[in-house]
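Chain and residue survey
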Amino acid sequence: MTATPVADDAASAACCATCAAPALAEAEAREAARLLKAIADPNRLRLLSIVKHGPADGTCVCDLTEPLQLGQPTVSHHLKILVDSGLLAREKRGTWAYYTLVPGSLDKAAALISEL
């Protein structure tokens with residue numbers, strides 16, 4: 001039977017040196033995951049694109065079902081996730097809801113990925 005060589009202390013210390021860059025804190029990771037999960041769905045990405053390129057004063061929910069070929073309850077579900085994640089803002093006008101992109105929200109999502 002051959003004995004496994006034991007690394008000397010210097011080599012062991014070099015191998016196990018702590019990383020200089022701090023890792024995400026648990027709360028930061030949770031928030032980042034919530035935002036990234038929100039955009040990880042093709043229908044939600046399409047909704048973001050439609051709203052981003054829509055009217056500056058907001059895109060009516062009534063204009064979002066047909067382009068996605070989804071029912072209103074499904075579109076509303078996706079919109080709620082995008083609002084809860086801080087990507088979209090919702091404004092009620094009469095019986096309709098209008099959605100706008102939260103300023104800086106896409107930059108925040110991009111920064112989360114690039115700063116990992």
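Residues numbered from 1 in each chain as written. Predicted model: local features only at pLDDT ≥ 70, side-chain atom pairs only at ≥ 80, totals over all residues. Heavy atoms only, no water.

Per an unreviewed UniProt entry, the chain is named ArsR family transcriptional regulator, and its organism is Glutamicibacter protophormiae.

On to the pairing of strand E3 (residues 96-101), then. When strand E1 (residues 59-60) meets E3, the two strands line up antiparallel, connected through 2 bridges. Each residue of the ladder has a partner; that of Thr59, found in E3, is Tyr99. Direction of pairing for strand E2 (residues 88-93) relative to E3: antiparallel, over a ladder of 6 bridges. Its bridge partner being in E3, Glu91 is matched across the sheet by Tyr98. (Pairing = 2+ DSSP bridges. Helix = DSSP H or I, 4+ residues; strand = E, 2+ residues; numbered from the N terminus.)

Moving on to helix H2 (residues 26-39). For H2, spanning 14 residues, the distance from its first C-alpha to its last is 20 Å, which sits close to the expected 20 Å at 1.5 Å a residue. Burial in H2 covers these residues: Ala32, Leu35, Ala38 and Ile39. Down the axis of H2, the sector holding all buried residues measures 125 degrees, keeping them to one side. Opposite the buried face of H2, at more than 90 degrees from it, the exposed residues are Glu26, Arg30 and Lys37. (Expected span 1.5 Å × (residues − 1). Buried < 20%, exposed > 50% of the residue type's maximum accessible area, 1.4 Å probe, protein only. Arc of directions from axis to C-beta.)

Glancing now at the nonpolar core. Formed by 17 residues in total, the largest nonpolar core has its most connected members in Leu47, Leu64, Leu79, Leu82, Leu87, Leu88 and Tyr99. Of all the elements in the fold, those that place two or more residues in this core are H2, helix H3 (42-52), helix H5 (72-84) and E3. Not counting chain neighbours up to four residues away, the residues in contact with Tyr99 comprise Val51, Gly58, Thr59, Val61, Leu64, Leu79, Val83, Leu88, Ala89 and Arg90. (Core = buried A, V, L, I, M, F, W, Y, C linked by side-chain atoms within 4.5 Å. Contact = heavy atoms within 4.5 Å.)

What follows concerns the pattern of salt bridges. Counted by the stated rule, this structure contains 5 salt bridges. In this structure, Arg93 engages Asp57 in a salt bridge whose closest nitrogen and oxygen atoms are separated by 4.0 Å. With a gap of 36 residues between them, Arg93 in strand E2 and Asp57 in the loop between H3 and E1 connect regions that are remote in the sequence. Among the ionic pairs, Asp84 bridges to Lys80, the shortest N-O distance being 2.7 Å. Of this pair, Asp84 and Lys80 both sit in helix H5, 4 residues apart, roughly one helical turn. (Salt bridge = Lys/Arg side-chain N within 4 Å of Asp/Glu carboxyl O.)

Before going further, it helps to examine the sheet that holds E3. Spatial strand order, E1-E3-E2: 3 strands in an open sheet with antiparallel pairing. The sheet terminates laterally at E1 and E2, the two strands that pair on one side only. Packed on one face of the sheet, H3 meets E1, E2 and E3 and runs near 90 degrees to E3. (Axes fitted to C-alpha atoms, helices over the stretch in contact; angles between N-to-C directions.)

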